[in-house]
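# Inside the fold
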Amino acid sequence: MKLPSPREYIPATAAGRSFAVTSLINAIGTGLYLAGSAVFFVRSVGLTAAQVGLGLAVSGVVGFLTTVPIGALADRFGARPTLVVLQLWRAGGFVALAFAEGMVSFTVVSCCLAAAEAATQPMTQAVASATTEGTDRTRTMAIVRTVGFSLGALLAAPLLAADRVWTYRGIVLGTAAAFVLSAAMLSRVRTVTAATVQKKVNPLAALRDFRDWRYLLLTALNGVLNLHTTILLVGLSLWALQATEVPVGFLPVLILINTLMSIVLQVSISRLVDREGGAERALRLGGLALTACCLALAVAGAPSSAAVAGAVLLAACVLLTFGEMWQAVGSWELSYDFAPEDRKGVYLSVFSLGNTGRRIVGPALITGGVLAAGPAGWIALGAVFGVAGLLVTPVTRMLCGVAPASVEKEMAS
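Reading guide: rules and limits
- Residues numbered from 1 in each chain as written.
- Predicted model: local features only at pLDDT ≥ 70, side-chain atom pairs only at ≥ 80, totals over all residues.
- Heavy atoms only, no water.
- Helix = DSSP H or I, 4+ residues; strand = E, 2+ residues; numbered from the N terminus.
- Buried < 20%, exposed > 50% of the residue type's maximum accessible area, 1.4 Å probe, protein only.
- Contact = heavy atoms within 4.5 Å.
- Areas by Shrake-Rupley, 256 points an atom, 1.4 Å probe, with all protein chains shown as cover.
- 1 Å grid on protein atoms, 1.4 Å probe; cavity = no way out; pocket = protein on both sides within 12 Å on 5 of 7 lines; lining within 4 Å.
- Points joined across faces, edges and corners; volume = space filled by probe spheres on them.
- Axes fitted to C-alpha atoms, helices over the stretch in contact; angles between N-to-C directions.
- Nonpolar A, V, L, I, M, F, W, Y, C, P; charged D, E, K, R; others polar.
- Expected span 1.5 Å × (residues − 1).
- Bend = angle between axes of the 7 residues up to and from the residue.
- Core = buried A, V, L, I, M, F, W, Y, C linked by side-chain atoms within 4.5 Å.
- Domains from an automatic or database assignment.
- Parallel < 35°, antiparallel > 145°, perpendicular 65-115°, else oblique.
- Salt bridge = Lys/Arg side-chain N within 4 Å of Asp/Glu carboxyl O.
- Phe/Tyr/Trp six-rings, centres within 6.5 Å; stacked < 30°, edge-to-face > 60°.
- Lys NZ or Arg CZ within 6 Å of the ring centre and 35° of its normal.

Helix and strand counts for the protein stand at 15 helices and zero strands. Within the protein, the fraction of its 413 residues that count as buried is 53%. Nonlocal contacts in the protein, meaning residues at least 24 apart in sequence, comprise 88% of its contacts between residues at least 6 apart. As displayed, the protein offers around 17,400 Å² of accessible surface, 69% of which is attributable to carbon and sulfur atoms.

Structure follows, in structure tokens:
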């Protein structure tokens, strides 16, 4: 695989470059929060692990229910103005979260945040498509994804090391500041393609009238493949501690490997969508890589030395990262290509429901199902990934039969 040159990390258009910088700031804020959120919930808000899980599950349901109506509003008012409002909404929510105390206030604020959080990803994708051209939109998304989260996590490290309530609050307030700056810069970004806006879209009617069951199938398959996020954040570390003899100090190495691989390889892997059928192939490869990852995790649970278990866990992490990268670029491209031009907001919001659903059921599935079942649980999950990967091709073929005119024209050329 050819490594990308530094120039490949720079979008081709001026609008794309402006949007990439804006999204990079947003991603830094998100990475800053994700790196310190678990500690913040316990040390600053005063919650137990069970309370955190319950509060996030409730907020996940709120995000699931509000994503598509917000997407319909974007079709009415435009994706860029909607995303600006969402960023300011998130900033206000994080300021409130910084001073939340106890379960009730945490859950209320988390629910308010979840509505904006769940809608941000599809709106970001919609604005990326309006500020870039062709498959450059996927490369722009890859650039933002690889660099921003990593920088945010690095910024969180010294604040976490201080281990003080106000440093934890500083992480959350820093996230809010990043979103305000991102919104200010986003308001000045100019699009390179004319956005199609429906002035009479009713958000509830848009949700009720959605009938594209083929697109829903693709959404469901992508939601299953998106479980790699839960494996990375929850399953990998807990399984290593529960079923192997590796020391706790080895776990950050796995996260570091995942981060470095994403930074170095994500842009190169995004080139796959430049080829005919590349997005479909990427999503299928993601499923196969995740199957192999689960089988490796099952093997890691067999009795062995810490060195052997560590090597197998490292291999599983590498496979997990490839599955994550292939799934990301394939889903970005397919979700956009099969969304009608005048309903991008609704369609991309519907597609994001797969990931929102994963946030709701993923932790319980991995901890209460897969980990509880031991190696057999990982084998079963691997089979699910394999089936999802194999189903990508027939579902995509069905979508091609009803593809929007823009997709048909692109395929014909």
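Let us look at empty space enclosed by the protein. If a probe as big as a water molecule is rolled over the atoms, it shows which places are left empty. For the coordinates displayed, the defined rule picks out one cavity of 30 Å³ or more. Each pocket or cavity is described by its volume, and for the largest cavity that value is around 60 Å³. As for the largest cavity, its lining consists of Phe19, Thr22, Ser23, Asn26, Leu83, Gln87, Thr120, Thr124, Ser182 and Leu186. Of the residues forming the lining of the largest cavity, the biggest block, four residues, is contributed by helix H1 (residues 14-45).

Here the focus is the packing of helix H13 (residues 344-373) against helix H14 (residues 375-400). Running from N to C, H13 and H14 point in directions that differ by 115 degrees, and their axes come no closer than 4 Å. Within the contact between the two elements, H13 uses Ile366, Val370, Leu371 and Ala373 and H14 uses Pro375, Ala376, Gly377, Trp378 and Leu381. Of the residues assigned to the contact of H13 with H14, the class counts are eight nonpolar, one polar and no charged.

Here the focus is helix H9 (residues 228-243). Taking 1.5 Å of rise per residue, 16 residues should cover 22 Å, yet H9 covers just 19 Å from first to last C-alpha, more than 12% shy of that figure. Along its length, H9 shows its largest kink, about 45 degrees, at Gly235. All of the buried residues in H9 are His228, Thr230, Ile231, Leu232, Gly235, Leu236, Trp239 and Ala240.

Among the nonpolar cores identified, the biggest contains 64 residues, and Tyr215, Ile231, Leu297, Leu313, Trp378, Leu381 and Phe385 are the most heavily contacted of them. Breaking this core down by element, the ones donating at least two residues are helix H2 (49-77), helix H8 (213-225), H9, helix H10 (251-270), helix H11 (278-300), helix H12 (306-337), H13 and H14. Top contributing element to this core by residue count: H12, with twelve residues. Domain assignment of the residues forming this core places at least three in each of domain 1 (13-190) and domain 2 (202-402). If we skip the residues at most four places from it in the chain, Leu297 touches Ile231, Leu236, Trp239, Leu313, Ala316 and Trp378.

As a further point, take the side chain of Ser349. Structurally, Ser349 is set in helix H13. Not counting residues within four places of it along the chain, the set of residues in contact with Ser349 comprises Thr67, Val68, Gly71, Pro122, Met123 and Lys344.

Let us now look at the packing of helix H4 (residues 102-131) against H12. Helix packing geometry: the angle between the two helix axes and the distance between the axes. With their axes 11 Å apart at the nearest point, H4 and H12 run at an angle of 75 degrees to one another. With respect to H12, the element H4 is oriented roughly perpendicular. On the side of H4, the interface is formed by Gln121, Gln125 and Ser129, while H12 contributes Ser331, Trp332, Ser335 and Tyr336. Split by residue class, the contact of H4 with H12 holds two nonpolar, five polar and no charged.

As enumerated under the stated definition, the model contains four salt bridges in all. Where Arg284 meets Glu280, a salt bridge forms, and the shortest distance between an N and an O atom there is 3.2 Å. Here Arg284 and its partner Glu280 are both found in helix H11, four residues apart, which amounts to about one turn of the helix. Under the relative-accessibility criterion, Glu280 is labelled buried at 8%. Each of the salt bridges in this network shares a partner with another, and the network as a whole consists of Glu280, Arg284 and Arg397.

So, on to the packing of aromatic side chains. Tallied over the full model, the rule gives six aromatic pairs. Pairing Tyr215 with Tyr347 gives two aromatic rings, centres 4.8 Å apart and planes at 65 degrees, and the pair type is edge-to-face. You can see Tyr215 sitting in helix H8 and its partner Tyr347 sitting in helix H13, a full 132 residues away along the chain. Each ring, one from Trp239 and one from Trp378, has its centre 6.0 Å from the other, and the planes form 70 degrees; the classification is edge-to-face. Taken together, the residues Trp239 in helix H9 and Trp378 in helix H14 connect sequence positions 139 residues apart. Given a relative accessible area of 2%, Trp239 falls into the buried group. For Arg169, the ring lying beneath its charged end belongs to Trp166, and the centroid distance is 5.0 Å.

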